[in-house]
Amino acid sequence: MEKNRYGHILTENFQEAVGAWIKNYSNNIAIIEGERKITYRELGNLIIRCRKFFFEQGVKKGDNIAVHMGNHSEFIMVFLSLVTMGAVPILILSAQKKNEVRGIVRVATPKLYIYDAAVSVLGSLVAEGNKELKGIEKTIFTSMLESSEVEKTKEETYKEQIVPEDLALLLLSGGTTGIPKLIPRTHGDYLYNVKRITERLKLTQESVFLSVLPMAHNFALGNPGILGTLCSGGTVVICNDIAAMEIFSLIEETKVTFTAFVPSILKMCLEYRILDDGDDISSLQQVLVGGAMLPEETARQVDLVLGGKLIQVFGTAEGLICTNSMDDSYETRVSCQGQPISEYDEIKIIDSDGKEVAQGEIGELIVKGPYTIQEYYRLLDNDKYFNEEGFYLSGDKVRKLEDGNLKVVGRVKEQINRAGEKIMPSELEELIIKHPDIMDCAVIGIEDEMLGNKICVYAVARKNISLLDIRKHLEEAGIAMFKLPDVLRLVKRIPVTAMKKVDKEALRILEKEHYE
Ligand code: J2J
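All residue numbers refer to position in the chain's written sequence, counted from 1. Given that the model is predicted, a residue must reach a pLDDT of at least 70 before its local features are reported, and side-chain atom pairs must reach 80 or more before they are shown or counted; all residues, however, enter totals for whole chains, interfaces and linings. Based on all heavy atoms of the structure, the side-chain values leave hydrogens and waters out of the count.

Now for unusual backbone geometry. A negative phi angle is the norm for most residues apart from glycine, just as the trans form is the norm for most peptide bonds. For the bond from Asn223 to Pro224, the omega torsion is -25 degrees, close enough to zero to count as cis. The helix and strand labels rest on DSSP assignments: H or I over at least four residues marks a helix, E over at least two residues marks a strand, and numbering proceeds from the N terminus. With respect to the helices, strands and loops of the structure, Pro224 is situated in the loop between α9 (218-222) and α10 (225-232). Phi at Arg378 is positive, roughly 45 degrees, even though this residue is not glycine. In this fold, Arg378 is placed in the loop between β17 (362-368) and β18 (392-400).

Right, dumping it as structure tokens:
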């Protein structure tokens, strides 16, 4: 049913699409990595070579292939080779470790595991004689791709027909607990998603994208990221060292026009730039920021300090993407995450009984649409995440503003219930970060027999600061008494996930292990 409904817009597949990019932009530079510049024509040849190698390894259409690599041009070759032959890459973040890999392998039973020098997880799993790895026939270290003898096979002999409904890739869910869930994205839906956000952000052949975030993540890969840049004939510049100095020098050297950050990386860049504005970053037009709550205080600095326009992206690997538009006013861009990229995205904001909330009220965002999944891959308890009508329950609390833009206020599960009063951590975090002695903070609810939840602030401070100081600061900001924090924990740093998002689950565990 649903396939038919969106059939008229989900028309593409990677085999034809990538072929067209290479043909249309053959002399443009597709990738810059250090001193190396790769044209689209060269990229095309590298993909053919890589595909032949995979074919010789017995890879066929429909095979799952674990890809566990850092930010290097080989990642792009491997990804494009696999999807153009109909094989299905499982994109594992390089920072993911044994436990996660083991869980993913168990569910997806990949035929090959491809890894590079940035990860060495499999080596240690093999050494342990791990049962879960029995399903994997082969492991491939990326240097094998370069040195292989692959000239014999004729490309045409294994060109399988691919249709838009075919599975193209498996992304990992952004959850911070346990084993990530696998997100099945099809050729048609993923390319539609890439195309819509590329149009929204008006990318062209002149676009130069600095890829800082892990390429295996949906944001850097396809929103618009690497694939949006390549489908526009632009250039992807690879950054494999997440350090502000490296980021700014690459922007100057390669005249980067846009990049994508999570808030923690943005903050690092802002702090650096305020101290050292030596690099010429005048080419920068757009700074995309998403993945986690961005305090307005930080958002307001972007245009001023970095010169490019802040574009907020509220995205999910499950599908739905909302983002600001280039023509949105400054006030809009700093205060919300804009609108869905497709007019076919059906969004509802519901209360805890599942009823839609009144305009302007906060509720949980649920969504159905042409590029949003209706089930996770091989998951038994899919019912937990989708309703009977096929809506994906995002677990995010949002508010629809009067102009139709969406504003994310936090995760449903993060809401603190203190003696019946409901508090969203983001409201406190936004205010606490304005305190001159606070460098970073995260608020969580901790269990309390009397109150249900207590409000606990984790903070990185410039100097010794007390709970009383924080409460005073919040009172001066005019906040309700019941929202004043009960506990302050000063820490050296706030823990982050493999995607460098604040890891509240890690804070909850820390709280249990250290303070209970
Ligand atoms: C607050 N929370 C946000 C935002 C995502 C582009 C950008 C991000 C992702 C991503 C992505 C947020 N403000 N601006 O895939 O293509 C939180 C929400 C959401 C979850 C999804 C993309 N943007 N989030 O972050 O699948 O809680 O995708 O449900 O990793 O991140 O995480 P993930």
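For the rest of this paragraph, the subject is the sheet that holds β17. What the four strands build is an open sheet, ordered β16-β17-β18-β19; its pairing is antiparallel. Strands at the two margins of the open sheet, each flanked by one partner only, are β16 (346-350) and β19 (406-411). The average undirected angle you get between the axes of adjacent strands in this sheet is 45 degrees. Two strands qualify as a pair provided DSSP detects at least 2 bridges between them. Taken together, the five bridges between β18 and β19 define a ladder with antiparallel strand orientation. Paired with Arg399 across the bridge in β19 is Lys407. Here the axes come from fitting lines to C-alpha atoms, over the contacting stretch only for helices, and the angles between their N-to-C directions go from 0 to 180 degrees.

A pair of sulfur atoms, both from cysteines and within 2.5 Å, is called a disulfide here. Per the stated rule, a full pass over the model turns up zero disulfides. The closest cysteine sulfur to the non-disulfide-bonded Cys336 is located on Cys322, 9.8 Å from its own sulfur. Not engaged in a disulfide, the cysteine Cys441 finds its nearest cysteine sulfur in Cys456; these two sulfurs lie 11 Å apart. When its relative accessible area of 8% is taken as the criterion, Cys441 is described as buried. A 1.4 Å probe rolled over the protein chains alone gives each residue an accessible area, and that area as a share of the maximum for its type sets the label: buried under 20%, exposed over 50%, partly exposed in between.

Two numbers describe how helix α11 (residues 244-254) lies on helix α12 (residues 263-275): the axes approach to 9 Å, and their chain directions differ by 75 degrees. Considering their axes alone, α11 and α12 lie roughly perpendicular with respect to each other. On the side of α11, the interface is formed by Ala244, Met245, Ile247 and Phe248, while α12 contributes Ile265, Met268, Cys269, Tyr272 and Arg273. Roughly parallel refers to an angle under 35 degrees, roughly antiparallel to one over 145, roughly perpendicular to one between 65 and 115, and oblique to any angle outside these ranges. Residues are treated as being in contact if the distance between any of their heavy atoms lies within 4.5 Å.

Time to look at the packing of helix α3 (residues 40-56) against helix α4 (residues 73-84). When two helices pack together, their arrangement is given by the angle between the helix axes and the distance between those axes. In the contact formed by α3 and α4, the axes pass within 8 Å of each other and the chain directions differ by 65 degrees. For the element pair α3 / α4, the angle class is roughly perpendicular. The hand of the α3/α4 crossing is right-handed. Between α3 and α4, the residues in contact are Leu43, Leu46, Ile47, Cys50, Arg51 and Phe54 and Met77, Val78, Leu80, Ser81, Leu82 and Thr84, respectively. Residues belonging to the contact of α3 with α4 are distributed by class as follows: nine nonpolar, two polar and one charged. Crossing chirality is assigned from the near helix's rotation relative to the far helix, an anticlockwise turn below a right angle marking it left-handed and a clockwise turn marking it right-handed. Amino acids are sorted into nonpolar (Ala, Val, Leu, Ile, Met, Phe, Trp, Tyr, Cys and Pro), charged (Asp, Glu, Lys and Arg) and polar (every other residue, Gly among them).

The quantities given are spatial measurements derived from coordinates; they are silent on function.
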